[in-house]
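Chain and residue survey
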Amino acid sequence: RKEVEQDPGPFNVPEGATVAFNCTYSNSASQSFFWYRQDCRKEPKLLMSVYSSGNEDGRFTAQLNRASQYISLLIRDSKLSDSATYLCVVNLLQAGGYNKLIFGAGTRLAVHP
Amino acid sequence: GAVVSQHPSWVICKSGTSVKIECRSLDFQATTMFWYRQFPKQSLMLMATSNEGSKATYEQGVEKDKFLINHASLTLSTLTVTSAHPEDSSFYICSATGLAKNIQYFGAGTRLSVL
């Protein structure tokens, strides 16, 4: 079983649509959680951190359910510029005190006019 | 702030040659740097973690003699792919952490093509 699992998509949605991505992780010792965005042939960029209390940043809302080891990302009012691959990422504290990021394979979003 | 520069962005080399990739933190001291590899349509996979002045910690299945990592200063880490072969062709990305150890700042990546 993969450590972080995501639906690969692609999700093809029209502008203005609301789209939701899901992610599950296998290691209950995971400490922190993120959504990253990766454009084609580019490095990943941090979109937002994810908390159990949920957090919102403009059109983006992220939620964490530790009990079910489930993370979600909701994008409202999709824009063409939202087209990218969205990576679910968990952070594990390693021996020696450093952090290890475990990346999901990503969910591809394509927003069309 | 928190800019990580990676060089080169793209390299093509012949099979059997060695390629060095540099990763620099431009405006902060990077206590830890990470090297990832990403094959097409796959997730980023951590190859190794390096702390300044000490040996890198390699992930299982990553050959330390093939992927040489040097982290001689708080602002520079290098990855050398020795005797590269076509199967080493991939997107290599570095990242670095400073005081906030749970936030990694990524370089722009290096696309390696081995002919």
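Refer to the structure above for everything that follows.
The paragraphs below set out a description of the structure included in this document. Values in this document were obtained by computation on a predicted structure and should not be read as measured data. (Residues numbered from 1 in each chain as written. Chains lettered and ligands numbered in written order. Predicted model: local features only at pLDDT ≥ 70, side-chain atom pairs only at ≥ 80, totals over all residues. Heavy atoms only, no water.)

This part is about the sheet that holds strand S8 (residues 76–81) of chain B. Residue and element names in this part refer to chain B. Reading across from one edge, S1-S3-S8-S7 is the order of the four strands in this open sheet, with antiparallel pairing throughout. Across the chains shown, the open sheet's two edge strands, defined by having one partner strand only, are strand S1 (4–7) and strand S7 (67–73). Adjacent strand axes in the sheet meet at a mean angle of 15°, parallel and antiparallel pairs treated alike. Examined bridge by bridge, strand S3 (residues 19–25) and S8 share six bridges and lie antiparallel to one another. Within S8, the residue paired with Cys23 across the bridge is Ser77. (Pairing = 2+ DSSP bridges. Helix = DSSP H or I, 4+ residues; strand = E, 2+ residues; numbered from the N terminus. Axes fitted to C-alpha atoms, helices over the stretch in contact; angles between N-to-C directions.)

Before going further, it helps to spend a moment on the state of the cysteines. A full pass over the atoms with the stated rule returns two disulfides over all chains. Here Cys23 of chain A pairs with Cys88 of chain A through a disulfide, and the sulfurs are 2.0 Å apart. Because the sign of the S-S torsion sets the handedness, a value of about -80° for the bond joining Cys23 of chain A and Cys88 of chain A places this disulfide among the left-handed ones. Pair noted here: Cys23 of chain A is in strand S3 (residues 19–25) and Cys88 of chain A is in strand S9 (residues 84–93), with a separation of 65 residues, a long-range link. According to the relative accessible area criterion, Cys23 of chain A is buried, its value standing at 1%. On the accessibility criterion, Cys88 of chain A (0% relative accessible area) is buried. Linked covalently through their sulfurs, Cys23 of chain B and Cys94 of chain B form a disulfide whose S-S length is 2.0 Å. (Disulfide = S-S within 2.5 Å. Buried < 20%, exposed > 50% of the residue type's maximum accessible area, 1.4 Å probe, protein only.)

It is worth spelling out the pattern of salt bridges at this point. Here the structure, examined in full by the defined rule, presents seven salt bridges over all chains. Taking the shortest distance from any N to any O, the salt bridge between Asp77 of chain A and Lys79 of chain A comes out at 2.9 Å. According to the relative accessible area criterion, Asp77 of chain A is partly exposed, its value standing at 35%. Given the relative accessible area of 33%, Lys79 of chain A is considered partly exposed. Measuring nitrogen to oxygen at the nearest pair gives 2.5 Å for the salt bridge that ties Lys100 of chain A to Glu59 of chain B. With one member in each of two chains, Lys100 of chain A in strand S10 (residues 99–103) and Glu59 of chain B in the loop between strand S6 (57–58) and S7 form a pair that bridges those chains. Exposure remark for Lys100 of chain A: the relative accessible area of 14% places this residue in the buried category. (Salt bridge = Lys/Arg side-chain N within 4 Å of Asp/Glu carboxyl O.)

The next subject is the interface of chain B and chain A. Contact with chain B, which involves 19 residues of that partner, is made by 19 residues of chain A. At the boundary of chain B with chain A, total buried surface from both sides reaches about 1,600 Å², with 56% on carbon and sulfur atoms. Contact with chain A buries surface across chain B, with Leu44, Asn102 and Phe106 of chain B losing the most and accounting together for 26% of the total. Where chain B packs against chain A, one counts two residue pairs in polar contact (both at pLDDT 80 or more). The set of elements that each furnish at least two residues to the side of chain B that touches chain A consists of strand S4 (32–38), strand S5 (45–51) and strand S9 (90–97) of chain B. In terms of residues, the side of chain B that touches chain A owes the most to one element, S4 of chain B, which gives three residues. Looking at the side of chain B that touches chain A residue by residue, the classes come out as nine nonpolar, seven polar and three charged. (Contact = heavy atoms within 4.5 Å. Buried area = accessible area lost by both parts, 1.4 Å probe. Polar contact = N/O pair within 3.5 Å; in protein donor to acceptor, adjacent residues only side chain to side chain. Nonpolar A, V, L, I, M, F, W, Y, C, P; charged D, E, K, R; others polar.)

In this section: the pairing of S10 of chain A. Of all five residues that make up S10 of chain A, five are buried, and the element is covered over most of its length. Of the two faces of S10 of chain A, both are covered, the one formed by Asn99, Leu101 and Phe103 of chain A as well as the one formed by Lys100 and Ile102 of chain A.

Turning our attention to unusual backbone geometry. The step from Gly9 of chain A to Pro10 of chain A runs through a cis peptide bond, and the omega angle for that step is 5°. Along the chain, Pro10 of chain A turns up in the loop between strand S1 (4–6) and strand S2 (11–14). The omega torsion across His7 of chain B and Pro8 of chain B is 0°, close enough to zero to call that bond cis. In the Ramachandran plot, Arg41 of chain A falls in the positive-phi region, its phi being about 65° despite a non-glycine side chain. Following the sequence through the fold, Arg41 of chain A ends up in the loop between strand S4 (32–38) and strand S5 (44–50). We classify Arg41 of chain A as exposed; its relative accessible area is 58%.

Following the criterion strictly, the structure yields 11 aromatic pairs over all chains and no others. A ring pair is formed by Phe103 of chain A and Tyr36 of chain B, whose centres lie 5.5 Å apart and whose planes are at 85°; its orientation type is edge-to-face. In this pair, Phe103 of chain A sits in strand S10 while Tyr36 of chain B sits in strand S4, so the two residues belong to two different chains. Judged by centre distance (5.7 Å) and plane angle (40°), the rings of Tyr36 of chain B and Phe106 of chain B are tilted. Of this pair, Tyr36 of chain B sits in strand S4 while Phe106 of chain B is found in strand S10 (residues 105–106), placing the two residues 70 residues apart along the sequence. By relative accessible area, which is 10% here, Phe106 of chain B ends up buried. A connected cluster of aromatic rings, assembled from ring pairs, spans Phe34, Tyr36 and Phe103 of chain A together with Tyr36 and Phe106 of chain B. (Phe/Tyr/Trp six-rings, centres within 6.5 Å; stacked < 30°, edge-to-face > 60°.)

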